[in-house]
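# Fold and geometry: a report
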Amino acid sequence: MAGIDDVLGWARHQVASRVPKADLDQRDPDYIREQLPGLWLVASLYFRADVRGLDRIPVEGPVLLVGNHSGGNVPPDTFVFTLAFCSYFGVERPFYQLAHNLVVSAPPLASLRKFGTVAANHENAQLALKSGAALLVYPGGDYEVFRPSWERNRVDFGGRKGYVRLAREAGVPIVPVASVGGQESVLFLSRGQWLAKLLRVDKMFRLKSVPIAIAPPWGLVISDLAGHIPLPAKIAVEVQEPITAEEVLGADDDVIHDKVIDSLQAGVDRLAAARRFPVIG
């Protein structure tokens, strides 16, 4: 009889085998061009999108965009920033976003691959940067995106620093991208890390959190795998000053990581200070 480790191993294999291989050609500029006006209208009206500092991003060449992350499995910060980037630089500029395996393998979300979404792993990230693209990463992953909503203005990658090595290996600058509002689009009560361990989904699906939240249309939500309807929180994004490739190359991981966190937290604090009320902005 198979033991629990055998069952977990089989489950991991099943999930991994269903993750589409990163194919940068799946990004479709024509599709983005068609969808952009309507989606930007939604972002502008529903989320009252406010994106600043795009001129701080190098106008060409590969660059690693590092953001703080909010909003659970329906993150409005990614939605808003992706549309703003494509509008500002044009759909022809190659731009990719890393996402969890479960996101890129979900059939209803297949259209995200046309926008440049690929599975979050080191190999895919290297592939995108070597192609000369801009790449958006959220090192905090599910640890940060499911943090309790009362910690909504705290930048917390959970100690993850692999993005620094990625930038150093690729020889690219790091541009921090700060955002607020996403964690107001749903009320997260707990990351549910204890629940992830209890259900063993940390072993099967690389999920470190099974969040507990309150969100429409379900009311009480456990896991957020079915998604939710985000509240119309105002989303504000501010691009910070770049950290040059030379700076990344000349300092160790901790120094660069601390600089990124400090830059993001300062940006988040500025954006949060301008808000009068949660959701309303």
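An account of the accompanying structure is given in this report. (Residues numbered from 1 in each chain as written. Predicted model: local features only at pLDDT ≥ 70, side-chain atom pairs only at ≥ 80, totals over all residues. Heavy atoms only, no water.)

### Brief notes about helix 2 (residues 29-46)
The condition that has to hold: For helices the rule is a DSSP run of H or I covering at least 4 residues; for strands it is a run of E covering at least 2, with both sets numbered from the N terminus onward. One fewer than the residue count of a helix, multiplied by 1.5 Å, yields its expected span. Bend, at a single residue, is the angle you get between axes fitted to the 7 residues ending at that residue and the 7 residues starting at it. Working definition: with a 1.4 Å probe on protein chains only, accessible area under 20% of the residue-type maximum means buried, over 50% means exposed, and in between means partly exposed. Only heavy atoms matter for contacts: two residues are in contact if any of them lie within 4.5 Å across the pair. Any pair of N or O atoms that falls within 3.5 Å is considered a polar contact. Within protein, one atom must be able to donate a hydrogen and the other to accept it, and sequence-neighbouring residues count only if both atoms are side-chain atoms.
Over its 18 residues, helix 2 runs 24 Å from end to end, which matches the ideal 26 Å to within 8%, given 1.5 Å per residue. Along helix 2, the sharpest change in direction is near 45° and occurs at Leu36; proline Pro37 comes one to four residues later. Within helix 2, the full set of buried residues consists of Tyr31, Ile32, Leu36 and Ala43. In this fold, the buried residues of helix 2 make contact with helix 3 (76-89). The N-cap of helix 2, judged by a side-chain oxygen 3.1 Å from the amide nitrogen of Asp30 a few residues on, is Asp28. Looking one or two residues beyond helix 2, the residue adopting positive phi is Arg48, at roughly 45°.

### A closer look at the sheet that holds strand 3 (residues 95-99)
Stated formally: Strand pairing is defined by DSSP finding a minimum of two bridges between the two strands. All axes are obtained by fitting lines to C-alpha atoms, using only the stretch in contact for helices, and the reported angles, taken between N-to-C directions, cover 0 to 180 degrees.
In space, the 7 strands of this open sheet follow the order 1-10-6-2-5-3-4, with mixed pairing throughout. Looking at which strands have only one partner, the edges of the open sheet turn out to be strand 1 (50-52) and strand 4 (117-119). This sheet shows a mean twist of 25° between the axes of neighbouring strands, independent of strand direction. Inspection of the sheet shows strand 2 (residues 63-67) paired to strand 5 (residues 134-137) by 4 bridges, in the parallel sense. Paired with Leu64 across the two strands is Leu135, which belongs to strand 5.

### Remarks on the environment of Val145
Position of Val145 relative to the elements: it lies in helix 6 (residues 141-145). You can call Val145 buried: its relative accessible area is 4%. Separated by 76 residues in the primary sequence, Val145 and His69 have C-alpha atoms spaced 5.2 Å apart. Setting aside anything within four residues of it in sequence, one finds Val145 in contact with His69, Ser70, Gly71, Gly72, Gln183 and Phe188.

### Notes on the packing of helix 7 (residues 162-170) against helix 11 (residues 253-273)
As a reminder of what qualifies: Each angle is binned into one of four classes, with values under 35 degrees roughly parallel, values over 145 roughly antiparallel, values of 65 to 115 roughly perpendicular, and all other values oblique. In the scheme used here, Gly and all other residues not listed as nonpolar or charged are polar, with Ala, Val, Leu, Ile, Met, Phe, Trp, Tyr, Cys and Pro taken as nonpolar and Asp, Glu, Lys and Arg as charged.
Remark: helix 7 packs on helix 11, axes separated minimally by 9 Å, with the N-to-C direction vectors making an angle of 110°. Of the possible angle classes, the one that applies to helix 7 and helix 11 is roughly perpendicular. Contact with helix 7, carried on its side by Tyr163, Val164 and Arg168, involves Asp253, Ile256, His257 and Val260 of helix 11 and no other residues of that element. Within the contact of helix 7 with helix 11, the residues separate by chemical class into 4 nonpolar, 1 polar and 2 charged.

### Observations regarding unusual backbone geometry
Here the residue pair Pro216 and Pro217 is connected by a cis peptide bond, since its omega of 0° sits within 30 degrees of zero. For Pro217, the position within the fold is in the loop between strand 8 (212-215) and strand 9 (219-222). Of note in this structure, Asp224 is not a glycine but carries a positive phi near 65°. Its relative accessible area of 3% is what places Asp224 among the buried residues. Phi is positive for Val279, close to 65°, though the residue is something other than glycine. The class of Val279 is partly exposed, set by a relative accessible area of 23%.

### Observations regarding the side chain of His257
Counting through the fold element by element, His257 comes out in helix 11. Apart from the residues within four sequence positions on either side, His257 is in contact with Phe157, Arg160, Lys161, Tyr163 and Val164.

### Quick look at the sheet that holds strand 7 (residues 187-190)
If you walk across this open sheet you meet the 3 strands as 7-8-9, and the pairing is antiparallel. One side of each edge strand has no neighbouring strand; the edge strands of this open sheet are strand 7 and strand 9. Adjacent strand axes in the sheet meet at a mean angle of 25° when their direction is disregarded. Bridge analysis of strand 8 against strand 9 gives 4 bridges, and the strand direction is antiparallel. The residue of strand 9 that forms the bridge with Ile214 is Leu220.

### With respect to the packing of aromatic side chains
The following threshold applies: Pairing of aromatic rings covers Phe, Tyr and Trp, the last counted by its six-membered ring, and requires centre-to-centre distances within 6.5 Å; plane angles under 30 degrees mean stacked, over 60 mean edge-to-face, and any other angle means tilted. In our convention, an over-ring charge means Lys NZ or Arg CZ found within 6 Å of a ring centre and within 35 degrees of that ring's normal.
According to the stated counting rule, one finds 10 aromatic pairs in the structure shown. Taking 6.2 Å as the distance between ring centres and 50° as the angle between the ring planes, the aromatic pair formed by Phe81 and Phe85 counts as tilted. Of this pair, Phe81 and Phe85 both sit in helix 3, separated by 4 residues, roughly a single helical turn. The same class applies to Phe81 and to Phe85, which are both buried. An aromatic cluster is present here, built from Phe81, Phe85, Tyr88, Phe89 and Phe95 joined pairwise through their rings. It is Lys114 that lies over the ring of Tyr31; its NZ or CZ is 4.7 Å from the centre. Its end group placed over the ring of Tyr143, Arg191 keeps NZ or CZ at 3.8 Å from the ring centre.

### Some details on helix 11
Stated formally: An arc is given here, and it is the one of the directions from the helix axis to the C-beta atoms.
Compared with an ideal rise of 1.5 Å per residue, which puts 21 residues at 30 Å, helix 11 spans 30 Å between its outermost C-alpha atoms and is within 8% of the ideal. When we look at burial in helix 11, the residues that qualify are Ile256, His257, Val260, Ile261, Ser263, Leu264, Gly267, Val268, Leu271 and Ala272. The buried residues of helix 11 occupy one face: seen down the axis, they fall within an arc of 160°. Along helix 11, the residues that are exposed and aim more than 90 degrees away from the buried face are Asp262 and Ala273. Where helix 11 is buried, its residues contact strand 1, strand 2, helix 7, strand 6 (174-180), strand 10 (236-239) and helix 10 (245-250).

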